[in-house]
Amino acid sequence: MNNKTKLRWGILGAARINERLMPAIVEASNAELVAIASRRPGAAAQTLAQYAPQQQQVRTYDDLQTLLDDPEVDAIYLPMANHEHAEWTLRAIEHGKHVLCEKPMALTVTDIAAIKAAAQRHKVTVMEGFMYRFHPQHQRVQELIQSGLIGEVRSVRSSFSFMMKPARLYRLTESVENGGGAMWDIGCYAIHSARMFFNQPAVAVTAIAKYVESGADIATSGIIDFGDGKYAHFDFSFERARRCEYEIIGTKGGIKCHNVWSMPGDVPVISWWTEDGQLGEEPLPAANHFRLEIEHFSACVLNGTAPKLSLEDAQANCQIIVAALQSSASGQRVRLG
C-alpha cells in the first residue's frame, strides 16, 4: 500500500488530446499534474496555458528526456504519434515510470510483449488508454446482459465515423504500416468495443478498406469471427456523418449504446428490446470518462492493484487490428493463432 494520496503525473507530448486529458488529471481526486514536455520549443508551455491556465506550478520542458529524468514524476501520460508509442513507453518504463499510453499502445504484438516484459521487470503499471471503458454506461450494458434480458450474445456491431476536419488531416499523411489512417485512430476503438462482449478469443478476421495516396485507410469495414457463429461487425470512416454506437444482438433481444465515445457533458442513452415485445430506454447521468480513467489508473498505482485493461487485452486488440490490415490488403480472410 502506497502512503501517498495523489499520483504525480507528467505528460510526454503536446498533442491535441491534452484538451481532454490535461483537465482530467487536474480534476482527478487522486492525481496531480507536475510536468509536461514537448520537443517543439514552447509547445509544452503553450499547451499548459491553453488547457490548464491555473496550474502555474507545473514544470514545462522543451525536451522529453528531461521529464523522464524528473524524480518527482511518478507516472507518464503518453499521447505522442502512434508509431512512437512503443519506443517511448519502453523508455519511460526503464526510468521507473508508470505509463498510461494513449491507444494504440503499439503497432505490433511483439512490441506489446516487450512492454509487458519491461513492466514486470521494473515493477511498474502500464495500461493502454481506452478512456471510454471507464464510462458507467458500459457497466450498465453488461448488467443488462448478465441479467439474461437478451439471452446469449451472438453478434455485435460497432460503428465510429465522422467527416474529417482539416485539423485532423495529419492522420492521413502516414501509411497504415507507420500508424496512419482511420484504423489506428478510430478503428481501434470500434474493434475494442466490439470485443468487449465476447468471452472467447477471436479465430479469424475479414476486412475491406478504402485507401488514400499515402497508404492510409480512410474507411474500413470488417468481421471478427469468434467461432460458433458469433461475429463482431466493425465499421469506421473519416468520410461519413458522425456515428459512435454499438449494438448487441442475443438470442432473446438486443441492446444499443447510442453514444459510445461521448464527451463529458453528453447524456448517454441505452435502449433495448426483447423478442416478446418489451422495449426500454435508459438515459444515464453524464460522466467524464477521461477523469474516471485517470482516477482508476492512479488508484491502481497507489494501491498496488491491477488495471481494468490488461496488457493481454492490448495484445489481443493489436492482433485483430494487424489481421484486419492484412485482410484488407490481401483480400483474404486471415486466421488468428
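Residues numbered from 1 in each chain as written. Predicted model: local features only at pLDDT ≥ 70, side-chain atom pairs only at ≥ 80, totals over all residues. Heavy atoms only, no water.

### Structural notes on the overall build of the chain
The helix and strand tally for the chain stands at nine helices and 15 strands. A globule of 337 residues ought to have a C-alpha radius of gyration of about 20 Å, and the chain, at 20 Å, matches this closely. Counting only C-alpha atoms and orienting by the principal axes, one finds that the chain spans roughly 60 × 45 × 40 Å. Going through the 337 residues of the chain one by one, you find that 56% of them count as buried. When contacts within the chain are restricted to residue pairs at least 6 apart in sequence, long-range pairs at least 24 apart make up 69% of them. As displayed, the chain offers around 14300 Å² of accessible surface, 51% of which is attributable to carbon and sulfur atoms. Here the chain contributes 33 positive and 37 negative side-chain charges, whose respective centroids are spaced 1 Å apart. (Helix = DSSP H or I, 4+ residues; strand = E, 2+ residues; numbered from the N terminus. Rg over C-alpha atoms; globule rule 2.2 N^0.38 Å. Buried < 20%, exposed > 50% of the residue type's maximum accessible area, 1.4 Å probe, protein only. Contact = heavy atoms within 4.5 Å. Areas by Shrake-Rupley, 256 points an atom, 1.4 Å probe, with all protein chains shown as cover. Lys, Arg positive; Asp, Glu negative; His and termini not counted. Charge placed at Lys NZ, Arg CZ, Asp CG, Glu CD.)

### Considering the pattern of salt bridges
All told, the structure shown has 23 salt bridges when counted by the stated rule. Taking the shortest distance from any N to any O, the salt bridge between E239 and K210 comes out at 3.0 Å. Taken as a pair, E239 in the loop between β10 (231-237) and β11 (243-250) and K210 in strand β8 (residues 204-211) lie far apart in primary sequence, 29 residues in all. Classification of K210 as partly exposed rests on a relative accessible area of 43%. Two residues, R243 and E245, come together in a salt bridge whose shortest N-O distance is 3.7 Å. Under the relative-accessibility criterion, R243 is labelled partly exposed at 42%. What emerges from the salt-bridge pattern is a single network uniting R157, R243, E245, E247 and K256. (Salt bridge = Lys/Arg side-chain N within 4 Å of Asp/Glu carboxyl O.)

### Comments concerning the sheet that holds strand β12 (residues 253-257)
The mixed open sheet is built from nine strands, whose spatial order is β14-β13-β12-β11-β7-β10-β9-β8-β15. The sheet terminates laterally at β14 (279-283) and β15 (334-335), the two strands that pair on one side only. This element, helix α6 (residues 136-146), spans β7 (153-161), β11, β12, β13 (269-274) and β14 of the sheet and lies at about 15 degrees to β13. Sheet strands touched by helix α9 (residues 311-330): β8, β9 (217-225), β10 and β15. Its angle to β8, the strand with the most contacts, is close to 60 degrees. (Pairing = 2+ DSSP bridges. Axes fitted to C-alpha atoms, helices over the stretch in contact; angles between N-to-C directions.)

### Description of the pairing of β13
Pairing analysis gives five bridges linking β12 to β13, with the strands arranged antiparallel. Each bridged residue has a counterpart across the sheet, and for I255 the counterpart in β13 is W272. Note: β13 against β14, five bridges, orientation antiparallel. Note that in β14 the partner of W273 across the bridge is L279.

### Considerations on the nonpolar core
Within the largest apolar cluster, 84 residues are counted, with the highest numbers of intra-cluster contacts made by W9, F197, I224, F234, I248 and I294. With nine residues, helix α7 (residues 182-195) is the single largest residue contributor to this core. With sequence-adjacent residues up to four places away left out, F197 is seen in contact with V141, Q142, I145, V153, V156, Y246 and I248. In terms of nonpolar packing, the next biggest core, distinct from the first, is built from 29 residues, L12, A37, A118 and V124 among them. (Core = buried A, V, L, I, M, F, W, Y, C linked by side-chain atoms within 4.5 Å.)

### Focus: the environment of Q326
Tracing the backbone through its elements, the reader meets Q326 in helix α9. The class of Q326 is partly exposed, set by a relative accessible area of 43%. In this structure, the C-alpha to C-alpha distance between Q326 and I208, residues 118 residues apart in sequence, is 9.8 Å.

### Thoughts on helix α1 (residues 18-27)
Along α1, the residues classified as buried are N18, L21, M22, P23, A24 and I25. Residues of α1 that are buried in the fold lie against β1 (7-12), β2 (31-37), α2 (43-51), β4 (75-78) and α8 (289-303).

### A short note on the sheet that holds β2
An order of β3-β2-β1-β4-β5-β6 is seen for the six strands of this open sheet, with the pairing classed as parallel. Unpaired on one side and paired on the other, β3 (59-61) and β6 (126-129) mark the two borders of the sheet. In this sheet, neighbouring strand axes are inclined to one another by 25 degrees on average, regardless of whether the strands run parallel or antiparallel. In this sheet, β2 lies alongside β1 in parallel orientation, the contact comprising six bridges. Looking at the pairing, L7 lines up with A31 of β2. α1 rests against β1, β2 and β4 of the sheet, and its axis sits at about 140 degrees to β2.

### Describing the state of the cysteines
Taken as a whole and assessed by the stated rule, the structure comprises zero disulfides. C244 supplies the cysteine sulfur nearest to C257, a cysteine that is in no disulfide, at a spacing of 8.2 Å. You can see C300 has no disulfide; the closest cysteine sulfur is in C101, sitting 16 Å from it. (Disulfide = S-S within 2.5 Å.)

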